[in-house]
Amino acid sequence: MSRAVRAWAVCVLGGALLGARVTAAADARLGAEIDSAHVWRGLVLNRTPILAAALDVRGLKLKGLPVRVSARGVLDVGDEGGLIEGSQFSKIDLGVALELPVGFELSYAEYVFPVPAERKAYQATREVGIGWRRAGWLEPSITVYRDVGELDDLFVELALTRRTTLSEQARLDLEALTAYAGKRYARDRDGVRAGFHNLD
């Protein structure tokens, strides 16, 4: 197990303990899912099945403003073209987001790619983001991400969401989404060109 994977595991366990210790103020949720491919913001990173695990801690406060902390890891089940070996983590990200008044949000994320250097040009990068969402019957939103590490490029998401509460335990979300990837974001993904590339 690589140091990056061990670090991510420690963060997940530490975050779970933190959530348990401040239960009165925060809510920690740990989950996992199996997907047929690794799709990130509409960009296909891996066309073989993946197992994704995530920890989200909500309800924390910073000077009265809500803070969200997250840790996510992607374990690749298959081996795609020799780039990604099966049963290994290919991406780990640690993030924090600060909710601001009037629907704005600031975010920061660290990405680690525990892939051998000969298989990927870089093993880590970082990203800052600013987003806005207007709450209501129909919720428009826009989020601008800036990679301040290896890519040094922009990525923009535009969405229109309709949320319907079905019961205390269930909610239905319908969303139309498109995204713009800059040249370096696109060049980092096989077969993706700069511009608006995703609409679903």
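Owing to the predicted nature of the structure, the values given are computational and were not obtained by experimental measurement.

About the criteria used
Residues numbered from 1 in each chain as written. Predicted model: local features only at pLDDT ≥ 70, side-chain atom pairs only at ≥ 80, totals over all residues. Heavy atoms only, no water. Helix = DSSP H or I, 4+ residues; strand = E, 2+ residues; numbered from the N terminus. Buried < 20%, exposed > 50% of the residue type's maximum accessible area, 1.4 Å probe, protein only. Contact = heavy atoms within 4.5 Å. Areas by Shrake-Rupley, 256 points an atom, 1.4 Å probe, with all protein chains shown as cover. Salt bridge = Lys/Arg side-chain N within 4 Å of Asp/Glu carboxyl O. Pairing = 2+ DSSP bridges. pLDDT = per-residue confidence, 0-100. Patch = residues over 30% accessible without salt bridge, like charges linked within 9 Å, V, L, I, M, F, W, Y side chains within 5 Å. Core = buried A, V, L, I, M, F, W, Y, C linked by side-chain atoms within 4.5 Å. Polar contact = N/O pair within 3.5 Å; in protein donor to acceptor, adjacent residues only side chain to side chain.

## Concerning the overall build of the protein
Part 1 of the reasoning: Each helix and strand in the protein was counted, giving 2 helices and 12 strands.
Part 2 of the reasoning: Going from N to C terminus, the protein has its helices and strands arranged as α-β-β-β-β-β-β-β-β-β-β-β-α-β.
Part 3 of the reasoning: Taken over 200 residues, the protein has a buried fraction of 34%.
Part 4 of the reasoning: Counted over contacts in the protein with a minimum sequence separation of 6, partners at least 24 positions apart contribute 40%.
Part 5 of the reasoning: As presented, the protein carries roughly 12000 Å² of accessible surface, and 59% of it is formed by carbon and sulfur atoms.

## Considering the pattern of salt bridges
Part 1 of the reasoning: Tallied over the full model, the rule gives 11 salt bridges.
Part 2 of the reasoning: Across the pair Asp-27 and Arg-29 runs a salt bridge, and its minimum N-O distance is 2.7 Å.
Part 3 of the reasoning: For Asp-27, a relative accessible area of 33% corresponds to the partly exposed category.
Part 4 of the reasoning: Judged by relative accessible area, which is 57%, Arg-29 ranks as exposed.
Part 5 of the reasoning: Two residues, Asp-173 and Arg-163, come together in a salt bridge whose shortest N-O distance is 3.1 Å. Remark: Arg-163 occurs in strand S10 (residues 154-165) and Asp-173 occurs in strand S11 (residues 171-181); sequence separation between them is 10 residues.

## Section: the environment of Ile-34
Part 1 of the reasoning: Looking at the secondary structure, you find Ile-34 in strand S1 (residues 27-35).
Part 2 of the reasoning: In this structure, the C-alpha to C-alpha distance between Ile-34 and Ala-53, residues 19 residues apart in sequence, is 9.0 Å.
Part 3 of the reasoning: Once residues lying within four places of it in the same chain are set aside, the contact partners of Ile-34 are Ile-50 and Leu-51.

## Brief notes about the pairing of S10
Part 1 of the reasoning: Judged from the 8 bridges that link them, strand S9 (residues 139-147) and S10 form a sheet pairing that is antiparallel. Counted as the bridge partner of Thr-143 is Glu-157 from S10.
Part 2 of the reasoning: A loop of 6 residues connects S9 with S10, the two strands running antiparallel in sequence, and Asp-152 in this loop sits at a positive phi of about 50°.
Part 3 of the reasoning: Between S10 and S11, which pair antiparallel one after the other, the connecting turn spans 5 residues.

## Looking at the environment of Asp-76
Part 1 of the reasoning: Counting through the fold element by element, Asp-76 comes out in strand S5 (residues 65-76).
Part 2 of the reasoning: In this structure, the C-alpha to C-alpha distance between Asp-76 and His-38, residues 38 residues apart in sequence, is 8.5 Å.

## A closer look at the confidence of the model for the protein
Part 1 of the reasoning: A residue-level look at the protein finds 70% of positions with pLDDT of 70 or above and a mean pLDDT of 77.
Part 2 of the reasoning: A low-confidence stretch, residues 16-24 (pLDDT under 50), is modelled with 4 contacts involving residues beyond four sequence positions or located in other chains.

## A few points about a nonpolar patch on the surface
Part 1 of the reasoning: On the surface, Val-69, Val-96, Tyr-108, Val-128 and Val-148 cluster together to form a nonpolar patch covering roughly 330 Å² of accessible area.
Part 2 of the reasoning: Assignment of secondary structure puts Val-128 in strand S8 (residues 124-133).

## Quick word on the nonpolar core
Part 1 of the reasoning: In terms of nonpolar packing, the biggest core is built from 10 residues, these being Trp-40, Ala-109, Tyr-111, Phe-113, Tyr-145, Leu-151, Phe-155, Ala-179, Ala-181 and Tyr-185.
Part 2 of the reasoning: Counting residues per element, the ones that place at least two in this core are strand S7 (104-112) and S11.
Part 3 of the reasoning: If near-sequence neighbours (up to four positions away) are discounted, Ala-109 is found in contact with Leu-94, Gly-95, Thr-125, Arg-126 and Glu-127.
Part 4 of the reasoning: Core analysis: the second largest hydrophobic core is formed by 5 residues, Ala-26, Leu-55, Val-57 and Leu-60 among them.

## Digging into the pairing of S5
Part 1 of the reasoning: Judged from the 11 bridges that link them, strand S4 (residues 50-62) and S5 form a sheet pairing that is antiparallel. Looking at the pairing, Leu-62 lines up with Leu-65 of S5.
Part 2 of the reasoning: Connecting the antiparallel pair S4 and S5 is a turn made up of 2 residues, with Lys-63 showing a positive phi of about 55°.
Part 3 of the reasoning: Note: S5 against strand S6 (residues 88-99), 10 bridges, orientation antiparallel. Following the sheet pairing, Leu-75 is matched in S6 by Phe-89.

## Some words on the side chain of Thr-125
Part 1 of the reasoning: Tracing the chain through its elements places Thr-125 in strand S8.
Part 2 of the reasoning: Here Glu-150 takes part through its backbone nitrogen, which lies 3.0 Å from a polar atom of the side chain of Thr-125.
Part 3 of the reasoning: Those residues in contact with Thr-125 that lie beyond four places of it in its chain are Ala-109, Glu-110, Tyr-111, Phe-113, Asp-147, Gly-149, Glu-150 and Leu-151.

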